[in-house]
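Residue-level structure breakdown
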Amino acid sequence: MSVGVIILVVLVLAALGYVFGRQRAMAVSQESGIKLHSLPSYYGQMVGLFAAVPAFVALVLWLLIQPVVIERSVSAMIPDSVIPEGGALSLVMSDVRRIAGGLDAVLAKGGAGEAEVDRIAANPSDLRARLAEVGVPLVGDVPVAVFEAARSYRSMTQTGNLLKAATVIAIAMVLAGLAYRRIEPNMRARNVSESFIKLLLIASSLVAILTTVGIVLSLVFETISFFKIYPAHKFFFSTVWNPQFRGGSDLGILPLLWGTFYVSFIALLVAVPIGLMIAIYLSEYAGKSLR
């Protein structure tokens, strides 16, 4: 089940929770003869928010954690022998992800089942041709260990997606049911609903801050990982910029700096005299109407 379908199901449950919660509040008030503390709509909002908000929080956390867990589990299956000399495990994992996605595309295109994956595994030489048919080209032959890692990656992803859908929908249904059962005339549904909305607004305002922190931490950790693979003195003092996706790259920053300074100098050489002369002309010589 895709993320979009999960979101749609949760929204439907929240809408149903609103309708049934509002109806239950009015029914309970009529049966007991006690006036509701809040408007009936607040009781419906409370049930809908209990159905949607925790489920969406669980979905976001799942989407953040699942890829990390799968990456670590699958990367541990890859032996050092399949990592190219001068390359990195991250490059092999990129191939693993592409092969896993390609296998899904092959099965979707041919309408075949998992037996087709077993058949491809029995004929590794056929893998490149089958993936090329669905627009996933491979540079070289795929080692058996990488193909098995791709199968495990695909299997773990499918299992995780099923658990994700079941967990999120279960959270929405259980919490909506609990909120529905707690409805009574004296319940301060308005306070509960407004507290939920206040927390949502606080979380929304924190998105910008957390995004900035995430960008900074991502840059820091990626920089540390980069300098573990590539020596810092070569990066800062080498005069060659020649990246290679299969390893053996020369990554000197000096050509990039020189290119930036060179383009900036040419731009200023053209822009400054012309802009300065235009400014002097408009200020000192141009007529009022032209100015």
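Note that the structure is a prediction, hence the values are computed from the model and not measured.

Brief notes about the overall build of the protein chain
The helix and strand tally for the protein chain stands at 9 helices and 2 strands. Start at the N end of the protein chain and walk to the C end: the helices and strands fall as α-α-α-α-α-α-α-α-β-β-α. Expressed as a percentage of its 291 residues, the buried residues of the protein chain come to 27%. Residue pairs at least 24 apart in sequence account for 68% of intrachain contacts in the protein chain once pairs closer than 6 positions are excluded. Within the structure as shown, the protein chain displays about 18600 Å² of accessible surface, and the carbon and sulfur contribution to it stands at 68%.

A short note on helix H2 (residues 40-75)
Helix length check: H2 (36 residues) gives 53 Å between terminal C-alpha atoms against 52 Å at 1.5 Å per residue, within 8%. For H2, the principal kink sits at Leu 49 and spans about 30°.

Some thoughts on the confidence of the model for the protein chain
For the protein chain, mean pLDDT is 82; residues scoring 70 or higher make up 83% of the total. By mean pLDDT, helix H4 (residues 114-122) is the weakest element of the protein chain at 61, and helix H9 (residues 254-285) is the strongest at 93.

Describing the nonpolar core
Among the nonpolar cores identified, the biggest contains 21 residues, and Ile 6, Val 10, Tyr 43, Met 46, Val 47, Val 168 and Ile 183 are the most heavily contacted of them. Secondary-structure elements contributing two or more residues to this core are helix H1 (3-32), H2 and helix H6 (144-181). Looking at this core, the element that brings in the most residues is H2, giving 8 residues. Once residues lying within four places of it in the same chain are set aside, the contact partners of Val 10 are Ala 51, Ala 52, Ala 55, Phe 56 and Val 168. Ranked by size, the runner-up nonpolar core spans 14 residues in total, among them Val 74, Met 93, Val 96 and Ala 150.

With respect to the packing of aromatic side chains
The full count for this structure, using the stated rule, is 8 aromatic pairs. Centroid distance Phe 227 to Phe 235: 5.7 Å. Interplanar angle 75°. Geometry classified as edge-to-face. When its relative accessible area of 15% is taken as the criterion, Phe 235 is described as buried. Here Trp 258 and Tyr 262 contribute two aromatic rings whose centre-to-centre distance is 5.6 Å and whose plane-to-plane angle is 40°, an arrangement assigned as tilted. Of this pair, Trp 258 and Tyr 262 are both found in helix H9, 4 residues apart, which corresponds to roughly one turn of the helix. Residue Trp 258 is classed as exposed on the basis of its relative accessible area of 57%.

Regarding the packing of H1 against H2
The contact between H1 and H2 brings their axes to 6 Å, and the two run at 160°. As summarised for this structure, H1 and H2 are arranged roughly antiparallel, according to the angle between their axes. Here the hand of the crossing between H1 and H2 comes out right-handed.

Structural notes on the pattern of salt bridges
Across all of its chains, the model carries 1 salt bridge by this definition. Glu 194 is the salt-bridge partner of Arg 190, the closest N and O atoms lying 3.0 Å from each other. You can see Arg 190 and its partner Glu 194 sitting in helix H7 (residues 189-229), 4 residues apart, about one turn around the helix. Judged by relative accessible area, which is 43%, Arg 190 ranks as partly exposed. Judged by relative accessible area, which is 36%, Glu 194 ranks as partly exposed.

A closer look at the side chain of Lys 164
By the element assignment, Lys 164 lies in helix H6. The contacts of Lys 164, once residues within four sequence positions are left out, are Val 3, Ile 6, Leu 59, Trp 62 and Leu 63.

What about the packing of H1 against H6?
Where H1 contacts H6, the axes come no closer than 10 Å and their chain directions differ by 10°. Considering their axes alone, H1 and H6 lie roughly parallel with respect to each other. Packed against H1, whose contacting residues are Val 3, Ile 6, Val 9, Val 10, Leu 13, Phe 20, Gly 21 and Arg 24, the element H6 presents Lys 164, Ala 165, Val 168, Ile 169, Ala 172, Met 173, Tyr 180 and Arg 181 at the interface. When the residues that make up the contact of H1 with H6 are grouped by side-chain class, the tally is 12 nonpolar, 1 polar and 3 charged.

A short note on the side chain of Ser 238
In this fold, Ser 238 is placed in the loop between helix H8 (232-237) and strand S1 (241-242). Excluding residues within four positions of it along the chain, Ser 238 makes contact with His 233, Gly 252, Ile 253, Leu 254 and Pro 255.

Definitions and limits used
- Residues numbered from 1 in each chain as written.
- Predicted model: local features only at pLDDT ≥ 70, side-chain atom pairs only at ≥ 80, totals over all residues.
- Heavy atoms only, no water.
- Helix = DSSP H or I, 4+ residues; strand = E, 2+ residues; numbered from the N terminus.
- Buried < 20%, exposed > 50% of the residue type's maximum accessible area, 1.4 Å probe, protein only.
- Contact = heavy atoms within 4.5 Å.
- Areas by Shrake-Rupley, 256 points an atom, 1.4 Å probe, with all protein chains shown as cover.
- Expected span 1.5 Å × (residues − 1).
- Bend = angle between axes of the 7 residues up to and from the residue.
- pLDDT = per-residue confidence, 0-100.
- Core = buried A, V, L, I, M, F, W, Y, C linked by side-chain atoms within 4.5 Å.
- Phe/Tyr/Trp six-rings, centres within 6.5 Å; stacked < 30°, edge-to-face > 60°.
- Axes fitted to C-alpha atoms, helices over the stretch in contact; angles between N-to-C directions.
- Parallel < 35°, antiparallel > 145°, perpendicular 65-115°, else oblique.
- Left-handed = near helix turned anticlockwise from the far one by under 90°.
- Salt bridge = Lys/Arg side-chain N within 4 Å of Asp/Glu carboxyl O.
- Nonpolar A, V, L, I, M, F, W, Y, C, P; charged D, E, K, R; others polar.

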